[in-house]
Amino acid sequence: MRAYFVEDNPTIRENLIATLEELGGVAPVGYAETEHQGSEWLVNHTSQWDLAIVDLFLKQGSGLGVLQATRERNPDQKVVVLTNYATPDIRVRCHQLGVDAVFDKSNDIEALIDFCLEMKGTD
């Protein structure tokens, strides 16, 4: 399963990629650190990704803009949010923008791995 990461913290991004490669069956295809980079790549490379993992707070712009840009994706492509701010209001807003799941960075990494494994199992 090919995953694209929109995460501006290099340490978190590298650790997340390593963990999901090892435990979740994920093959990284690239990353962005800003809303514009992430939105542009995901929209212009629709045949090259299966999963987008998006943080909400980025170096420039917001993950919410990335979510908006990916609303018209193919039905088999999934977009999830991984954030430190998974409040009830944020979860509602993300779901309004069409995300498939919202995960909290501090305590939902195992749930994200499970999501990836389930998604991989449906290939």
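As the structure is a computational prediction, the values presented were derived from the model and not from experiment.

Quick word on the environment of G121
Reasoning step 1: Here G121 shows up in helix α5 (residues 109–121).
Reasoning step 2: Placed 120 residues apart in sequence, G121 and M1 show a C-alpha to C-alpha distance of 9.7 Å.

Observations regarding the UniProt feature "domain: Response regulatory" (unreviewed entry) in the chain
Reasoning step 1: On the UniProt side, "domain: Response regulatory" (unreviewed entry) is annotated at positions that read residues 2–120 here.
Reasoning step 2: Secondary structure within residues 2–120 divides into 45% helix and 21% strand; the distance between the first and last C-alpha atoms comes to 10 Å.

Some thoughts on the nonpolar core
Reasoning step 1: Core analysis: the largest hydrophobic core is formed by 19 residues, its most contacted members being L42 and L67.
Reasoning step 2: Broken down by secondary-structure element, the contributors of at least two residues to this core are β1 (2–6), α2 (35–44), β3 (51–54), α3 (63–69) and β4 (78–83).
Reasoning step 3: Other than its neighbours up to four places away in sequence, L67 contacts V54, L56, V79, V81, C94, L97 and V99.
Reasoning step 4: Residues F5, I17, I53 and A101 belong to the second largest nonpolar core, which totals 18 residues.

Brief notes about the packing of aromatic side chains
What describes a pair of aromatic rings is the distance from one ring centre to the other and the angle between the planes of the rings.
Reasoning step 1: A full pass over the atoms with the stated rule returns three aromatic pairs.
Reasoning step 2: Taking the centre distance of 4.2 Å and the plane angle of 0° together, the rings of Y4 and W41 count as stacked. In this pair, Y4 sits in strand β1 while W41 sits in helix α2, placing the two residues 37 residues apart along the sequence.
Reasoning step 3: Residue classification places Y4 among the buried residues on the basis of a relative accessible area of 3%.
Reasoning step 4: Considering the side-chain rings of F57 and Y85, the 4.8 Å spacing of their centres and the 70° angle between planes classify their relative orientation as edge-to-face. Here F57 is found in the loop between β3 and α3, whereas its partner Y85 is found in the loop between β4 and α4 (88–96), with 28 residues between them in sequence.
Reasoning step 5: Directly above the aromatic system of Y31 lies the positively charged group of R13, at a separation of 3.7 Å from the ring centroid.

Observations regarding the pattern of salt bridges
Charged atoms that come close allow side chains of opposite charge to pair.
Reasoning step 1: Within this structure, the stated rule accounts for seven salt bridges.
Reasoning step 2: K105 serves as the salt-bridge partner of E7, at 2.8 Å between the closest nitrogen and oxygen. Of this pair, E7 sits in the loop between β1 and α1 (10–24) while K105 sits in the loop between β5 (101–104) and α5, and the two are 98 residues apart along the sequence. We note that E7, like K105, is buried.
Reasoning step 3: A salt bridge links K59 to E33; its shortest N-O distance comes to 3.0 Å. Of the two residues, K59 is situated in the loop between β3 and α3 and E33 in the loop between β2 (27–32) and α2; the sequence distance between them amounts to 26 residues.
Reasoning step 4: The exposure class of K59 is exposed, given its relative accessible area of 57%.
Reasoning step 5: Several salt bridges share partner residues, and in doing so they unite E7, D55 and K105 into one network.

Analysis parameters
- The written sequence of each chain sets the order in which its residues are numbered from 1.
- Reporting in this predicted model follows two pLDDT cut-offs: at least 70 for local features of residues, and 80 or more for side-chain atom pairs to be given and counted; totals over whole chains, interfaces and linings ignore these cut-offs and use all residues.
- Hydrogens are left out, water is left out, and the side-chain values use all remaining heavy atoms of the structure.
- By definition, any uninterrupted DSSP run of H or I lasting at least four residues is a helix, any uninterrupted run of E lasting at least two residues is a strand, and each is numbered from the N terminus.
- UniProt positions are given in the numbering used here, feature names are shortened, and annotations may be inferred rather than shown by experiment.
- Within this scheme, the nonpolar core is defined by two criteria: the residues are buried Ala, Val, Leu, Ile, Met, Phe, Trp, Tyr or Cys, and they are joined through side-chain atoms within 4.5 Å.
- Here's how the labels work: a residue is buried when its accessible area is under 20% of the maximum for its type, exposed when over 50%, partly exposed in between, all with a 1.4 Å probe on protein chains only.
- Here a residue-residue contact requires only that any non-hydrogen atoms of the pair lie within 4.5 Å.
- Aromatic pairs are defined between Phe, Tyr and Trp rings, using the six-membered ring for Trp, whenever the two ring centres lie within 6.5 Å; interplanar angles under 30 degrees are classed as stacked, those over 60 as edge-to-face, and all others as tilted.
- The criterion for a charge sitting over a ring is simple: Lys NZ or Arg CZ within 6 Å of the ring centre, and within 35 degrees of the ring normal.
- By definition here, a salt bridge exists when the distance from a side-chain nitrogen of Lys or Arg to a carboxyl oxygen of Asp or Glu is within 4 Å.

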